[in-house]
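Residues per chain are reported as follows:
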Amino acid sequence: MESLFRAFHDAGRELFLVGGAVRDLAMGASYQDLDDLDFCTDARPAESLEILRRANFRTYDVGIEFGTVGAVLKGKSSEGYPKDVQVTTYRSKEMYSRGSRHPVVSYGNSVEEDLWRRDFSINSIAMDARGNYVDPYNGRGDIERGILRAVGDPLERLTEDPLRILRIARFMARLGFKTDPGLERAAHVKATFLLDIARQRWLQEMNKLLIGEHAPAALDFLARTRALGVILPELVALVELPRRCPAGPVHEDFWALTCARVKRAGDNKVLSWAALLADVGRPWTRHVDPPIEGIDGPTLAGLSASAYPQEPFPGTSVTFHNHAAMAGLMAKGLGRRFHFDTATLDEVAFVLGSQRAALAYSADWADPDVRRFVQEMSGHHAHVIAFGRILQRDPAEGAGGADLDDLEARIAALAARGALVPEVPTGLGGALMKAFGLKPGPILGELVELLKEEMLDGRVGFGLEAADYIAHLRSVRPDLIAG
Ligand code: ATP
Ligand code: MG
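About the cut-offs
- Residues numbered from 1 in each chain as written.
- Chains lettered and ligands numbered in written order.
- Predicted model: local features only at pLDDT ≥ 70, side-chain atom pairs only at ≥ 80, totals over all residues.
- Heavy atoms only, no water.
- Helix = DSSP H or I, 4+ residues; strand = E, 2+ residues; numbered from the N terminus.
- Contact = heavy atoms within 4.5 Å.
- Near = heavy atom within 4 Å.
- Polar contact = N/O pair within 3.5 Å; in protein donor to acceptor, adjacent residues only side chain to side chain.
- Nonpolar A, V, L, I, M, F, W, Y, C, P; charged D, E, K, R; others polar.
- Phe/Tyr/Trp six-rings, centres within 6.5 Å; stacked < 30°, edge-to-face > 60°.
- Buried < 20%, exposed > 50% of the residue type's maximum accessible area, 1.4 Å probe, protein only.
- Arc of directions from axis to C-beta.
- Salt bridge = Lys/Arg side-chain N within 4 Å of Asp/Glu carboxyl O.
- Pairing = 2+ DSSP bridges.

Enquirer: What is the right way to look at the environment of Ala275 in this model?
Expert: Here Ala275 shows up in helix α14 (residues 269-277). The contact partners of Ala275, leaving out residues within four places of it in the chain, are Thr258, Arg261, Val262, Ala265 and Phe387.

The structure is reproduced here in structure tokens:
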């Protein structure tokens, strides 16, 4: 990093480290832990590029028309190198044109001006070559107090760029900070302006939010400020699903449960989204038995807590028939809205639809049961098992559920023996035609499917020769005439 500072200094230019890296350093992170380093300078981008090249840095293009050039800092990997560096010319302010992913830029004249256009005080600190802070908005004070505060007037700053509402939540999730009351009020007022923001940017922020250690507080913030209702209206009914249902406290506060599961999902994107959406189908599938007039039914169930009597109804049962399938269906729609990539979309929807499948495991499953489980999970069994572990730690689950470590070990053992997923030898088709005097046609595919079923159920082995499989077919399909 010194060589970078020196290069700009020798060219007669200013250079400051800014943004997340300075915030993390001020919070006690070590330089080694920082992956992305953002710098700002008074040099225009073409000049920055020249300075970097002259000093032999490897440079790349990130968006020179937006004032940014990229470079790579090399060094010992034990010290966290290589590091990605972005050098951006001072900006005065950036107005994000509606829905666009790229800001319209105008250049600024000083580091103070550059810090002014940034979002929160904790992200608006700069550091010079000697480690001195430039901190005009007392970002370090807010770090100490654990507060997110807008630089300047919160309502103006959120109007300029409503994405900042999600950024508040993202930083709450990551840092465990509280939000300054004025900033939270502004977020409430401006929540609907999130609709002007590109959905890909919602996704970027949500992905970071969900893997944050303090995600539950951030999700509550979104719910309080109406932002949840704007980006994920499906979940609002869950938040509102009253704890006191007609049957008394027989079902839990599913929103609290959801938040706790998101935290347990750690930093796995698929599991985090699945945890967020696992119960999204409940408000729409709740069935109260015997029915209570004006209470059963999704609309009231979801949206009006005050419609509920405050006293339990003894003898009433509540079920959520098919809520997992409902969650899978809803996930498809909202995943598209958020521009999930296809693989993530399929994975999340599948895990939700089969959310409790792994919990059916018990030690008395025979190998065919284990193979059938893997087959039914269509390539998603690892995530379904991992999600089962998250559900198992719900308070209501109690101890002594399915031993998922054992299930995993058995799958691994079958895979190691080549006896997990049925496959037939190449060239079996030709051998079948010859053995049974068949012509090409659907019958060949049917016979292969039959063999795979036989393998799944353990009636014929894995990895045998074509002749062995033909012999087996003769025994199960005596109607086939030998050719
Ligand atoms: P992370 O460590 O998660 O990357 P970060 O603080 O580096 O956190 P980035 O999104 O990478 O966050 O942005 C880098 C810096 O650019 C921020 O610290 C902030 O100063 C500024 N910034 C980014 N996005 C905005 C925005 N929408 N409005 C204002 N300033 C922003
Ligand atoms: Mg960053």
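Enquirer: Please clarify how the site of ligand 1 should be interpreted in this entry.
Expert: Taken together, 15 residues lie around ligand 1, and Arg23, Asp161, Arg164, Arg167 and Arg170 are the ones closest in. Contact distances for ligand 1 include 2.7 Å between a nitrogen atom and a side-chain N or O atom of Asp161. Between ligand 1 and the protein, one listed contact pairs an oxygen atom with a side-chain N or O atom of Arg170 at 2.6 Å. Among the elements of the structure, α2 (20-26) and α7 (163-175) are those that each provide at least two residues to the shell around ligand 1. Sort the elements by how many residues they give to the shell around ligand 1 and α7 lands first, with five residues. Partitioned by chemical class, the residues of the shell around ligand 1 number two nonpolar, three polar and 10 charged.

Enquirer: Would you take a moment to explain the packing of aromatic side chains for this structure?
Expert: Tallying each qualifying case throughout the model produces 10 aromatic pairs. With a centroid separation of 5.5 Å and 85° between ring planes, the pair formed by Phe254 and Phe320 is classed as edge-to-face. Residue Phe254 is found in helix α13 (residues 254-264), and its partner Phe320 is found in strand β13 (residues 317-320); the two are separated by 66 residues along the sequence. For the residue pair Phe254 and Phe320, the accessibility class agrees, reading buried in each case. Here Tyr361 and Trp365 contribute two aromatic rings whose centre-to-centre distance is 5.0 Å and whose plane-to-plane angle is 80°, an arrangement assigned as edge-to-face.

Enquirer: What's the story with helix α12 (residues 233-240) in this structure? I'm lost.
Expert: The α-helix winds at 3.6 residues per turn, so residues separated by three or four positions along the chain end up facing the same way. Every buried residue of α12 is listed here: Glu234, Leu235, Ala237 and Leu238. Each buried residue of α12 sits inside an arc of 145° when the element is viewed along its axis, so together they form one side.

Enquirer: Would you take a moment to explain the pattern of salt bridges for this structure?
Expert: Note on pairing: side chains with opposite charge can pair once their charged atoms come close. What the rule picks out here adds up to 35 salt bridges. A salt bridge links Asp135 to Arg140, with the nearest nitrogen and oxygen atoms 3.0 Å apart. Overall, the relative accessible area of 15% leaves Asp135 in the buried class. Its relative accessible area of 37% is what places Arg140 among the partly exposed residues. Between Arg282 and Asp279 there is a salt bridge, with the nearest N and O atoms lying 2.9 Å from each other. By relative accessible area, which is 0% here, Asp279 ends up buried. Overlapping salt bridges bring together Arg261, Arg264, Asp279, Arg282 and Asp394 as one network.

Enquirer: Help me understand the environment of Val239 in this model?
Expert: Mapped onto the secondary structure, Val239 falls in helix α12. In this structure Val239 comes out as partly exposed when scored by relative accessible area, which is 26%. Considered as a pair, Val239 and Leu329 are 90 residues apart in the sequence and their alpha carbons are 19 Å apart. Residues contacting Val239, with those up to four places away along its chain left out, are Ala223, Leu228 and Trp255.

Enquirer: What should I look at first to understand the pairing of strand β1 (residues 15-18) in this one?
Expert: For a regular strand, the rule is simple: side chains alternate between the two faces of the sheet. The alternating pattern of β1 places Leu15 and Leu17 on one face and Phe16 and Val18 on the opposite face, and all of these are buried. Inspection of the sheet shows β1 paired to strand β2 (residues 36-41) by four bridges, in the antiparallel sense. Considered in β2, the bridge of Leu15 is made with Thr41. In this structure, β1 lies alongside strand β8 (residues 126-127), joined through two bridges in antiparallel fashion. Looking at the pairing, Leu17 lines up with Met127 of β8.

These figures capture arrangement, not role.
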